[in-house]
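# Structural overview for review
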Amino acid sequence: MLTGKVALVTGAGRGIGREIALTLAANGATVIVNYNGSKECAEAVVAEIVQRGGSAEAIQCNVSDFTASEMFVKEVLDKYKKVDILVNNAGVTRDNLIMRMTEADYDAVLDTNLKGAFNMIRHLSRCFIKQRNGKIINISSVSGVLGNAGQANYSASKAGLIGLTKSVAREFASRGVNVNAVAPGFIDTDMTKNMTDDAKKTLSSMIPMGRMGSTKNIADLVLFLAGEHAEYITGQVICVDGGMCI
Ligand code: NAP
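The sections below set out a description of the structure shown in this document.

About the thresholds
- Residues numbered from 1 in each chain as written.
- Predicted model: local features only at pLDDT ≥ 70, side-chain atom pairs only at ≥ 80, totals over all residues.
- Heavy atoms only, no water.
- Axes fitted to C-alpha atoms, helices over the stretch in contact; angles between N-to-C directions.
- Helix = DSSP H or I, 4+ residues; strand = E, 2+ residues; numbered from the N terminus.
- Parallel < 35°, antiparallel > 145°, perpendicular 65-115°, else oblique.
- Left-handed = near helix turned anticlockwise from the far one by under 90°.
- Contact = heavy atoms within 4.5 Å.
- Near = heavy atom within 4 Å.
- Polar contact = N/O pair within 3.5 Å; in protein donor to acceptor, adjacent residues only side chain to side chain.
- Areas by Shrake-Rupley, 256 points an atom, 1.4 Å probe, with all protein chains shown as cover.
- Nonpolar A, V, L, I, M, F, W, Y, C, P; charged D, E, K, R; others polar.
- Salt bridge = Lys/Arg side-chain N within 4 Å of Asp/Glu carboxyl O.
- Buried < 20%, exposed > 50% of the residue type's maximum accessible area, 1.4 Å probe, protein only.
- Phe/Tyr/Trp six-rings, centres within 6.5 Å; stacked < 30°, edge-to-face > 60°.
- Core = buried A, V, L, I, M, F, W, Y, C linked by side-chain atoms within 4.5 Å.

Time to look at the packing of helix 4 (residues 103-131) against helix 6 (residues 152-172). With their axes 8 Å apart at the nearest point, helix 4 and helix 6 run at an angle of 15 degrees to one another. By the angle between their axes, helix 4 is roughly parallel relative to helix 6. Here helix 4 runs over helix 6; the crossing is right-handed. Counting all contacts with helix 4, which are made through Asp105, Tyr106, Val109, Leu110, Asn113, Leu114, Ala117, Phe118, Ile121, Ser125, Phe128 and Ile129, the residues of helix 6 involved are Asn153, Tyr154, Ala156, Ser157, Lys158, Gly160, Leu161, Leu164, Val168 and Phe172.

As structure tokens, then:
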């Protein structure tokens, strides 16, 4: 159980982040439901948590903005005094073949997926080190492990997130702070819903289990990594992908 723990989940109004927020709250954590543009969705997540007897608050922040993230972290620490669990989930895609990829599309993806996680870890690092306790979970992707044609920017950001995870895990290991990455495969969310049926079929054929995963599959692992049973696990990248990375 996570009773008494404060969890901050970025991009928690929708998709995988929403499921992670609901799962951590259902297990006793007070959850900061971060969003960028989806205010109503984030408020609905908070309402659902509160209705089930949990505790949560929605706070807006564009995590790719260094200064805004710093103010966001300050607001959370002023109010809650600590953060025990940080889940860097916020992510975007701007897919294209490298020949056609614009600088803006490259920068937008790196800024949110990689720099966003850096910003949050950076601003919370003093808090984690002082606490000598904490769990940081970065949501990477199988694209960061395997690469993916048409996703050079996204794959680079998610591979970068793995490097960030391993380096910070080494820095924080002696301070009682665990840092791990979860690499989802092909999960049913807004991010994947606009793919054509043909593209979905092709992708499914690359999955040994032959089907997409659910947001619950990811949230279940995050719950484990956020809890005391994961005490001796750090610097790892765990794929939840139906076997794609075998
Ligand atoms: P999604 O449904 O598109 O949701 C993306 C979330 O990220 C939204 O809540 C969005 O918040 C948030 N976000 C985007 N930019 C942000 C910013 N600058 N600041 C704060 N929040 C921001 O995507 P998803 O499928 O749930 O993906 C969640 C994570 O899993 C991402 O990191 C993604 O790369 C990763 N992942 C997904 C899959 C998959 O198959 N779905 C596979 C591998 C990895 P707003 O709506 O408020 O902007």
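Turning next to the site of the ligand. Among the 30 residues in the neighbourhood of the ligand, the closest are listed as Ser38, Asn89, Tyr154, Ile187 and Thr189. Between the ligand and Gly11, the relevant distance is 3.0 Å, taken from an oxygen atom to a main-chain nitrogen or oxygen of the residue. Residue Arg14 places a side-chain N or O atom 2.9 Å away from an oxygen atom belonging to the ligand. Protein burial of the ligand: of its 890 Å² of free accessible surface, 94% is covered by the chains. If you list the elements that add at least two residues to the shell around the ligand, you get helix 1 (15-26), strand 2 (30-35), helix 6 and helix 7 (190-193). Examining the composition of the shell around the ligand, we find that three residues originate from one element, helix 7, more than from any other. Considering only residue class, the shell around the ligand consists of 12 nonpolar, 15 polar and three charged.

This part takes up the pattern of salt bridges. Tallied over the full model, the rule gives nine salt bridges. Ionic pairing is found between Arg18 and Glu48, a salt bridge with its closest N-O pair at 3.0 Å. Here Arg18, found in helix 1, pairs with Glu48, found in helix 2 (residues 39-51); they are 30 residues apart in sequence, far enough to count as distant. Overall, Arg18 belongs to the partly exposed group, its relative accessible area being 29%. Linking Asp220 and Lys216 is a salt bridge whose minimum nitrogen-to-oxygen distance equals 2.8 Å. Residue Asp220 and its partner Lys216 are located together in helix 9 (residues 215-226), separated by four residues, close to a single helical turn.

Now for the packing of aromatic side chains. A complete count under the given rule lists one aromatic pair for this structure. For the ring pair Phe66 and Phe118, a centre distance of 6.4 Å and an interplane angle of 20 degrees mean the geometry is stacked. Of this pair, Phe66 sits in helix 3 (residues 66-80) while Phe118 sits in helix 4, and the two are 52 residues apart along the sequence. The exposure class assigned to Phe66 is partly exposed, which follows from its relative accessible area of 29%. In this structure Phe118 comes out as partly exposed when scored by relative accessible area, which is 36%.

Moving on, we come to the nonpolar core. Ile20, Leu24, Val31, Val33 and Val182 are the most contacted members of the largest nonpolar core, which has 33 residues in total. Where this core is concerned, the elements lending two or more residues are strand 1 (6-9), helix 1, strand 2, helix 2, strand 4 (85-88), strand 5 (134-139) and helix 9. Not counting residues within four places of it along the chain, the set of residues in contact with Ile20 comprises Val9, Val87, Asn89, Ile139, Ala219 and Val222. Among the nonpolar cores identified, the runner-up in size contains 26 residues, and Ile136, Leu161, Ala169 and Phe172 belong to it.

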